[in-house]
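Overview (structure and organization)
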Amino acid sequence: MTTILGNLKEMFQGLRKKRGQDVSSSQTAMNELFRFRYTLFKELLSANSQLLTLLSDIDEKLKGEQVFGFSYIKNQVNKSLQHAFQMVKSLNVMSGSKYRGLYTSLENINNTIKDITDEHQIDHAPANAVPYTRISLQDADWAGGKNANLGEILNKIGIPVPRGFAVTTKAFTTFFDFNDLKDEIINQKNILYVNEIEQLTKLSEETMKLIRSKPMPPELAQELQDAYRDIWGDDKEVLLALRSSAVGEDGDLSYAGQYLTMLGVRFPELNEAYKAVIASLYSARSLSYRSSKGVLDEHLAMAVACLEMVDSKASGVLYTRHPYNIVDEDILINAVWGLGPYAVDGVIIPDSYAVSKDEALTIQKKTISNKPVQLKLNPEGGVEERPVPVEEQNAPCLSDEEIRRVAGYGAALERHYNCPQDVEWALKENGELLILQSRPLKIENPKNFCLLESAPLAGYELLLNECDIAAQGVACGPAVHVDKLDDLADFPEDGVLIAHHSSPEYVTVMRICSAIVVEAGSVSGHMAALAREFEVPTMISPEPAMERIPAGAMVTVDAYAGRVYGGRVEELLKAVSKTRDAHMKGTPVYEQLQSIARHIVPLNLTNPAAPEFAPEYCTTLHDLARFCHEQSYKEMFQISDLASKLHGWSLKLDAALPMDIHLIDLGGGLSDQVPPEQETVRLADIESAPFRALIAGMLNEDVHGNEPRPVNLGGLLSVMMEQSFSPGHVGERFGDRSYAIIADKYLNFSSRVGYHYSVVDAYCGDTVNKNYVTFSFKGGAADSVRKNRRVRAISLILEREGFKVSVKVDKVDARLQKYPKSYIELKIDMLGRLLIFTRQLDMLMTTEQSVHWAAENFLAGNYKLHAQEDPSVAESET
């Protein structure tokens with residue numbers, strides 16, 4: 001810190017005298033210095049956020065309710081260590097290596113975790129290609145989830161599956177090693193942030209083209225030919241389907257629709273089709289999905305399922321219980337004519353059959369849809385869309401006997417796996433029924449869902465009703481219309497995605513959106529599976545959602561009852577709770593995760609003021625994250641302290657405000673018309689969008705008045721006594737000079753007035769994903785009780801304004817991010833009003849009732865409080 005400050009002092013020595021000549025180069029140097037520090041800060045915050053997401057995911061797995069494997073553990077551990085290292089490194093560079101002990105703590109944690117993971121080594125594939133007759137579920141680490149399940153179904157349950165073989169992870173490694181691909185691809189990908197959609201798409205296209213251009217290793221090509229001939233002999237006309245079977249797929253993560261499926265592949269096209277499938281591992285949506293789920297490419301390998309295509313008469317999906325109605329345990333079957341993709345891609349609304357699990361497999365309900373087209377095999381290769389004969393378009397795809405056979409297979413699969421299943425099936429023209437894949441189905445348990453009313457809730461505007469539910473839940477947020485995929489680039493956090501049609505591409509925003517409502521699609525489609533994986537409430541509306549729900553409107557999505565309400569429906573949001581059956585507990589993979597999690601998840605460093613809040617006491621990754629996060633704010637906000645030392649260059653703002661504000665312009669914050677020799681700036685000179693918004697709020701005539709406000713005499717005396725006699729105030733006075741470090745889109749404003757200290761840090765531009773506002777407030781001259789009431793009043797205001805808020809003693813921190821520029825400006829304006837409003841709150845915080853009284857007055861626009869108006873004052877005086 002001393003070195004940085006010294007450099008800054010030297011940089012601006014005599015700057016006032018030479019401002020006209022040297023300001024450009026000096027300002028550029030300061031800009032680079034600050035931006036470097038700020039970049040480190042942002043990298044640290046990003047790593048912290050991603051690490052906490054991983055910890056949350058591990059916590060979910062520790063409930064024992066979701067299926068996962070050893071590959072999941074390895075990927076999550078590596079990703080967690082990577083983010084922890086990024087935080088430790090960023091903090092040390094920011095601080096001048098003040099926290100070197102963090103490296104030692106991280107190394108100790110890493111070594112401990114490594115000892116545990118070394119107890120189980122993932123099995124390696126015996127060959128590049130292995131037939132299904134030699135595969136079972138225990139081979140998932142090298143065959144992938146889809147292949148392992150097919151082998152399990154065939155060999156352990158005795159249910160027929162298509163003939164074929166697994167192209168194992170060994171083949172993937174063989175191909176990449178032969179062509180020296182892995183390091184080059186990883187290095188290219190790691191320089192990009194997943195949110196940079198245009199760059200991600202460009203890199204994805206280049207990478208997939210590179211993979212497809214490489215030759216097949218001779219040994220791999222020969223093994224694929226041998227595996228083919230062992231099953232189909234010399235028949236070169238067999239049509240094949242090549243589908244991904246990524247390690248972790250269908251068990252650890254859903255990966256639904258992320259990778260390419262090649263249909264209608266003939267023997268001569270086998271090699272090229274295989275390369276196309278493994279290249280899809282680097283599609284834009286696959287990269288985005290894996291990053292959000294914490295899967296490292298360094299440890300990723302893809303297996304591929306090579307299956308004989310079934311020229312099916314009908315096909316579809318079955319769920320061994322209803323996928324979204326939490327009180328319905330019947331088997332649900334969806335069916336379309338022809339091949340299955342149209343049943344899951346939302347192209348055709350499928351027939352739906354509900355079958356009970358009684359011994360007779362009683363058919364409870366049939367819903368037959370209009371099915372004008374179907375997907376069929378093309379004899380020349382590939383697939384093609386054909387019209388369904390008119391007489392069959394409104395006819396059921398399955399007879400009653402066939403419905404029961406499909407349901408019977410589903411029931412057998414659920415019994416074998418001891419959990420609900422998501423199954424794809426196909427019925428051949430000769431009547432043979434085959435299972436194409438089976439994977440666990442995530443379903444919520446209704447035990448704690450206490451909202452029993454079925455009618456729409458009274459008192460709220462009902463925007464949509466009778467929607468089909470793809471992923472259950474309740475959520476609230478502003479409606480965001482998505483007409484095209486480009487609209488996803490600026491999607492705000494907690495927005496409700498409204499679109500005409502379902503699409504798996506929405507995965508790029510599923511980690512930040514609160515709900516999804518589309519006008520067309522299927523509850524058994526890929527988007528629905530992804531929504532359930534991300535736990536995003538998702539519905540398909542029979543009504544024009546894009547017309548009924550205005551863009552920007554606050555809505556509540558009830559994805560239990562299939563409704564959308566205007567506004568925020570608190571009783572719905574409070575009513576939802578979730579429990580699941582813990583079927584994973586006691587398994588070897590669960591016990592290993594449990595052992596590892598003890599060194600990752602617990603938080604021991606809870607009090608930053610405690611002597612144990614130090615690098616040497618960090619015994620978990622969560623401890624490291626907590627320590628780095630806490631210290632990073634102190635290091636970053638010291639940029640304001642540095643600014644306060646640069647008296648020779650900062651400019652004073654000429655404005656009627658109860659504080660002295662001095663400006664440091666990083667570029668674009670002030671008008672180019674400001675003369676170099678000028679030492680003050682006018683309001684008209686400000687170009688910084690966030691600073692303009694802040695000043696507008698502070699100068700709001702309703703909150704900024706010159707007349708004195710009546711105060712509570714007892715409160716005033718309390719504050720004066722606390723200032724005079726409390727030893728805790730020695731050294732806590734912050735001074736009376738405030739600083740604003742500004743750029744055209746950036747603001748770091750530190751207000752240091754008396755015993756009050758507040759910081760507003762904001763970015764406000766046209767790119768929604770970059771926009772944020774953080775606010776921190778601490779201090780006050782009153783006793784600890786009044787100071788705590790003060791920050792709680794502030795927190796109530798901020799929460800009602802949409803901020804995420806935390807309160808600790810007399811300090812409040814709040815954050816809001818990823819909203820459009822106009823919305824961010826409104827919130828900064830509000831913070832400007834709040835800064836003025838809170839100046840005398842200490843003296844008004846006489847009782848607990850004062851907390852809500854002050855907050856409600858501010859929210860109502862009544863900024864000039866009178867102590868006599870507080871009802872609690874009258875009560876206390878009485």
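Residues numbered from 1 in each chain as written. Predicted model: local features only at pLDDT ≥ 70, side-chain atom pairs only at ≥ 80, totals over all residues. Heavy atoms only, no water.

**Brief notes about the overall build of the chain**
- What the chain contains, in helices and strands, is 25 helices and 30 strands.
- For the chain, with 878 residues in total, the buried portion stands at 56%.
- Of the roughly 36800 Å² that the chain leaves accessible, carbon and sulfur atoms contribute 50%. (Helix = DSSP H or I, 4+ residues; strand = E, 2+ residues; numbered from the N terminus. Buried < 20%, exposed > 50% of the residue type's maximum accessible area, 1.4 Å probe, protein only. Areas by Shrake-Rupley, 256 points an atom, 1.4 Å probe, with all protein chains shown as cover.)

**Describing the environment of R212**
- Within the secondary structure, R212 is located in helix α8 (residues 197-213).
- By relative accessible area, which is 39% here, R212 ends up partly exposed.
- Along the backbone, R212 and N271 are 59 residues apart, and their C-alpha atoms lie at a distance of 9.9 Å.
- What R212 contacts, discounting residues up to four positions off in sequence, is E272, K275, A276 and A279. (Contact = heavy atoms within 4.5 Å.)

**Details of the sheet that holds strand β6 (residues 312-319)**
- Strand order in the open sheet formed by six strands is β9-β8-β7-β6-β12-β13, with antiparallel pairing between adjacent strands. At either margin of the open sheet sits one strand with a lone partner, and together these are β9 (363-367) and β13 (433-440). On average, each strand axis in the sheet is tilted by 20° relative to the strand beside it, whichever way the strands run. (Pairing = 2+ DSSP bridges. Axes fitted to C-alpha atoms, helices over the stretch in contact; angles between N-to-C directions.)

**Some words on the sheet that holds strand β21 (residues 563-566)**
- If you walk across this open sheet you meet the eight strands as β14-β21-β20-β16-β17-β18-β19-β15, and the pairing is mixed. Every other strand in the sheet has two partners, leaving β14 (462-464) and β15 (468-471) as the edge strands with one partner each. Neighbour-to-neighbour, the strand axes of the sheet open up by a mean angle of 35°, direction not taken into account.
- Examined bridge by bridge, strand β16 (residues 474-482) and strand β20 (residues 554-558) share five bridges and lie antiparallel to one another. Within β20, the position partnered with P478 by the bridge is M554.

**Structural notes on the packing of helix α3 (residues 70-95) against helix α17 (residues 588-597)**
- It is at 9 Å that the axes of α3 and α17 come closest, and there the two elements cross at 15°. By the angle class used here, α3 and α17 are roughly parallel. The handedness of the crossing between α3 and α17 is right-handed. Contact residues: α3 offers F70, Y72, I73 and V77, while α17 offers P588, V589, Q592, L593 and I596.
- Split by residue class, the contact of α3 with α17 holds eight nonpolar, one polar and no charged. (Parallel < 35°, antiparallel > 145°, perpendicular 65-115°, else oblique. Left-handed = near helix turned anticlockwise from the far one by under 90°. Nonpolar A, V, L, I, M, F, W, Y, C, P; charged D, E, K, R; others polar.)

**Let's talk about the side chain of S438**
- Following the sequence through the fold, S438 ends up in strand β13.
- With residues near it in sequence (within four places) discarded, S438 still touches N149, I153, L413, Y417, Q421, D422 and V423.

**Quick word on the pattern of salt bridges**
- Scanning all chains against the criterion turns up 25 salt bridges.
- A salt bridge links E401 to R405, with the shortest nitrogen-to-oxygen separation between them at 3.2 Å. Here R405 and E401 lie together in helix α13 (residues 400-417), a separation of four residues that amounts to about one turn.
- On the basis of relative accessible area, E401 is assigned to the partly exposed category, the value being 46%.
- Sharing partners across several salt bridges, the network here consists of D311, K376 and E429. (Salt bridge = Lys/Arg side-chain N within 4 Å of Asp/Glu carboxyl O.)

**A closer look at the nonpolar core**
- One finds I661, F691 and F749 to be the most contacted residues of the largest nonpolar core, which totals 53 residues.
- Take this core: its biggest share by element is eight residues, from helix α22 (residues 821-837).
- With sequence-adjacent residues up to four places away left out, F749 is seen in contact with M659, I661, F691, L694, M698, S738, Y739, A740, S758, V759, V760 and L835.
- By size, the runner-up hydrophobic cluster in this structure holds 40 residues, among which are V355, I403, C419 and L433. (Core = buried A, V, L, I, M, F, W, Y, C linked by side-chain atoms within 4.5 Å.)

**Points about α3**
- The terminal C-alpha atoms of α3, which comprises 26 residues, lie 38 Å apart, in line with the 38 Å expected from a rise of 1.5 Å per residue.
- Burial of α3 is extensive: 19 of the 26 residues sit out of reach of the surface.
- Once α3 ends, the next one or two residues include G96, with phi positive near 75°. (Expected span 1.5 Å × (residues − 1).)

**Side note on the packing of helix α5 (residues 140-157) against α13**
- Orientation of α5 relative to α13, taken along the N-to-C sense of each, is 95°, at an axis distance of 12 Å. Judged by the inter-axis angle, α5 sits roughly perpendicular to α13. Contacts between α5 and α13 involve N149, E152, I153, K156 and I157 from the former and L413, H416 and Y417 from the latter.
- Split by residue class, the contact of α5 with α13 holds four nonpolar, two polar and two charged.

**Considering the packing of aromatic side chains**
- All chains considered together, the criterion is met by 13 aromatic pairs.
- A centroid spacing of 4.4 Å and a plane angle of 25° characterise the contact between F172 and F176, whose relative ring orientation is stacked. A residue pair is termed a helical-turn pair when its members lie 3 or 4 positions apart in one helix, as F172 and F176 do in helix α6 (residues 169-178) at four residues.
- The rings of F165, Y228, W232 and F267 are connected pair by pair, giving a single aromatic cluster. (Phe/Tyr/Trp six-rings, centres within 6.5 Å; stacked < 30°, edge-to-face > 60°.)

**So, the pairing of strand β5 (residues 302-308)**
- Counting buried residues in β5 gives six out of seven residues, a clear majority hidden from the surface.
- Here strand β2 (residues 164-167) pairs with β5 via four bridges, running antiparallel. Of the residues in β5, the one forming a bridge with A166 is A305.

**Details of unusual backbone geometry**
- Backbone geometry at D180 places phi at a positive 50°, although glycine is not the residue there.
- Judged by relative accessible area, which is 62%, D180 ranks as exposed.
- Positive phi is not limited to glycine here, since E466 has a value of about 60°.
- Checked against the element boundaries, E466 lands in the loop between β14 and β15.

**Let's talk about the confidence of the model for the chain**
- Averaged over the chain, the pLDDT score is 79; the fraction of residues at 70 or greater is 76%.
- Within the model, pLDDT remains below 50 along residues 248-254, and this stretch shows 31 contacts once partners closer than five positions in the same chain are excluded.
- For residues 577-583, every residue scores under 50 in pLDDT, and the model assigns this stretch 25 contacts once sequence neighbours within four places are set aside. (pLDDT = per-residue confidence, 0-100.)

**Side note on the pairing of β21**
- Where burial is concerned, the two faces of β21 agree: the one with R563 and Y565 and the one with V564 and G566 are both buried.
- In this sheet, β21 lies alongside β14 in antiparallel orientation, the contact comprising two bridges. Bridge pairing in β21 places L464 opposite V564.
- Note that β20 and β21 share four bridges and pair antiparallel. Considered in β21, the bridge of V555 is made with G566.
- Two successive antiparallel strands, β20 and β21, enclose a turn made up of four residues, where G562 displays a positive phi of approximately 75°.

**Details of a negative patch on the surface**
- On the surface, D177, D180, D183 and E184 cluster together into a negatively charged patch.
- Along the chain, the position of D180 falls in the loop between α6 and α7 (182-189). (Patch = residues over 30% accessible without salt bridge, like charges linked within 9 Å, V, L, I, M, F, W, Y side chains within 5 Å. Lys, Arg positive; Asp, Glu negative; His and termini not counted. Charge placed at Lys NZ, Arg CZ, Asp CG, Glu CD.)

**A word on the side chain of S795**
- Within the element layout of this structure, S795 appears in helix α21 (residues 784-800).
- Discounting residues that sit within four places of it in the chain, S795 has contacts with V805, V807 and V812.

**Some remarks on the environment of N271**
- Note on placement: N271 falls in helix α10 (residues 270-279).
- Judged by relative accessible area, N271 falls into the partly exposed class, the value being 23%.
- In the structure, N271 is positioned 50 residues away from A221 in sequence and 6.9 Å away in space, judged by C-alpha atoms.
- In contact with N271, other than residues within four places in its own chain, are M216, A221 and L224.

**Let's talk about the state of the cysteines**
- In the structure shown here, the tally under the stated rule is zero disulfides.
- In this model C618 remains outside any disulfide bridge; the closest cysteine sulfur is found in C628, 7.1 Å from its own.
- Judged by its relative accessible area of 4%, C618 falls in the buried class.
- Classification of C628 as buried rests on a relative accessible area of 0%. (Disulfide = S-S within 2.5 Å.)

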